[in-house]
Amino acid sequence: MLFAPDTEVALRSVVNLVNTLDSEGGEQLRTSGDLDRFLEQEEFTGSRTHDDDELASVRTLRQRLRTLWDASEDEAVTLVNAILQESRALPQLVKHDHWDWHLHATTPEAPLSERMGTEAAMAFVDVIRSKELDRLRVCAADDCEAVLIDLSKNRSKRYCDTGNCANRIHVRAYRERKAAG
């Protein structure tokens with residue numbers, strides 16, 4: 001494992017959040033119900049308003065987090081620090097539901113996008129401190145702009161998990177080899 005388990009969970013959640021908007025503008029968080037399903041899948045806890053402002057703030061956060069995939073180390077630090085300052089982050093160890101001890105840096109009553117942003121920022125603190133920003137990638141498929149984080153030991157992950165990009169590319173290469181032979 002490259003990072004602490006809670007950091008890797010948070011990083012995967014960030015990737016999943018960023019990928020709720022595809023490169024062609026396909027919005028997966030159209031309604032509060034869509035957001036509910038996403039949060040249940042990602043096991044986010046805490047208070048909710050279930051209104052359009054909450055949905056809009058999560059979408060705004062998603063765009064801010066997406067910029068990390070193209071950011072230099074200094075730019076990433078600036079964004080992470082801004083998110084932590086805006087939420088007045090105060091890291092604390094907590095244990096709830098089926099999760100063992102892990103860090104929360106906001107209260108369960110803080111607005112959803114603030115809790116999500118703070119959790120993402122705390123995970124990126126580890127990425128930046130470990131000098132691992134190069135593990136943030138955009139899918140290598142020509143027709144895909146989804147993001148990924150390569151947590152593999154040998155740094156070989158090239159394709160996203162949002163579709164069948166890797167399978168599609170490998171099948172295409174196989175067919176091209178067969179046609180050439």
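Residues numbered from 1 in each chain as written. Predicted model: local features only at pLDDT ≥ 70, side-chain atom pairs only at ≥ 80, totals over all residues. Heavy atoms only, no water.

Quick look at the packing of aromatic side chains now. Two aromatic rings are characterised by how far apart their centres lie and by the angle between their planes. Applying the stated rule across the entire model yields one aromatic pair. Measuring from centroid to centroid gives 5.9 Å for Trp-69 and Phe-124, while their planes differ by 80°, and the two rings are edge-to-face. Here Phe-124 lies in helix α5 (residues 112-129) and Trp-69 lies in the loop between α3 (52-66) and α4 (73-86), a separation of 55 residues in the sequence. Classification of Trp-69 as buried rests on a relative accessible area of 8%. A residue is classified by how much of its surface remains accessible, and Phe-124, at 1% relative accessible area, is buried. (Phe/Tyr/Trp six-rings, centres within 6.5 Å; stacked < 30°, edge-to-face > 60°. Helix = DSSP H or I, 4+ residues; strand = E, 2+ residues; numbered from the N terminus. Buried < 20%, exposed > 50% of the residue type's maximum accessible area, 1.4 Å probe, protein only.)

This brings us to the pairing of strand β2 (residues 99-104). The pairing of strand β1 (residues 92-96) with β2 spans four bridges and is antiparallel. Bridging across to β2, Val-94 finds its partner in His-102. Hairpin connection between β1 and β2: a loop of two residues separates the two successive antiparallel strands, and Asp-97 in this loop has a positive phi of roughly 45°. (Pairing = 2+ DSSP bridges.)

Okay, the layout of surface pockets next. The probe, sized like a water molecule, is rolled over the atoms to show the empty space still left. Space inside the largest pocket adds up to approximately 680 Å³. Contributing to the lining of the largest pocket are 30 residues, with Asp-6, His-102, Leu-103, His-104 and Glu-119 lying nearest its centre. For the lining of the largest pocket, the secondary structure elements donating two or more residues are α1 (5-18), β1, β2 and α5. If you tally residues by element for the lining of the largest pocket, the top one is α5, at seven residues. Within this model, the second largest pocket holds a volume of roughly 380 Å³. (1 Å grid on protein atoms, 1.4 Å probe; cavity = no way out; pocket = protein on both sides within 12 Å on 5 of 7 lines; lining within 4 Å. Points joined across faces, edges and corners; volume = space filled by probe spheres on them.)

So, about the nonpolar core. Of all hydrophobic cores here, the largest spans 36 residues; its most connected members are Leu-17, Leu-65, Leu-68, Trp-69, Met-116 and Phe-124. The set of elements that each furnish at least two residues to this core consists of α1, α2 (32-42), α3, α4, α5 and β4 (147-149). For this core, the element with the highest residue contribution is α5, accounting for eight residues. Every residue in contact with Trp-69, bar those within four places of it in the chain, is listed here: Val-14, Val-15, Val-18, Phe-124, Leu-136, Arg-137, Val-138, Val-147 and Leu-148. Within the second largest apolar cluster, nine residues are counted, among which are Leu-148, Tyr-159, Cys-160 and Ile-169. (Core = buried A, V, L, I, M, F, W, Y, C linked by side-chain atoms within 4.5 Å. Contact = heavy atoms within 4.5 Å.)

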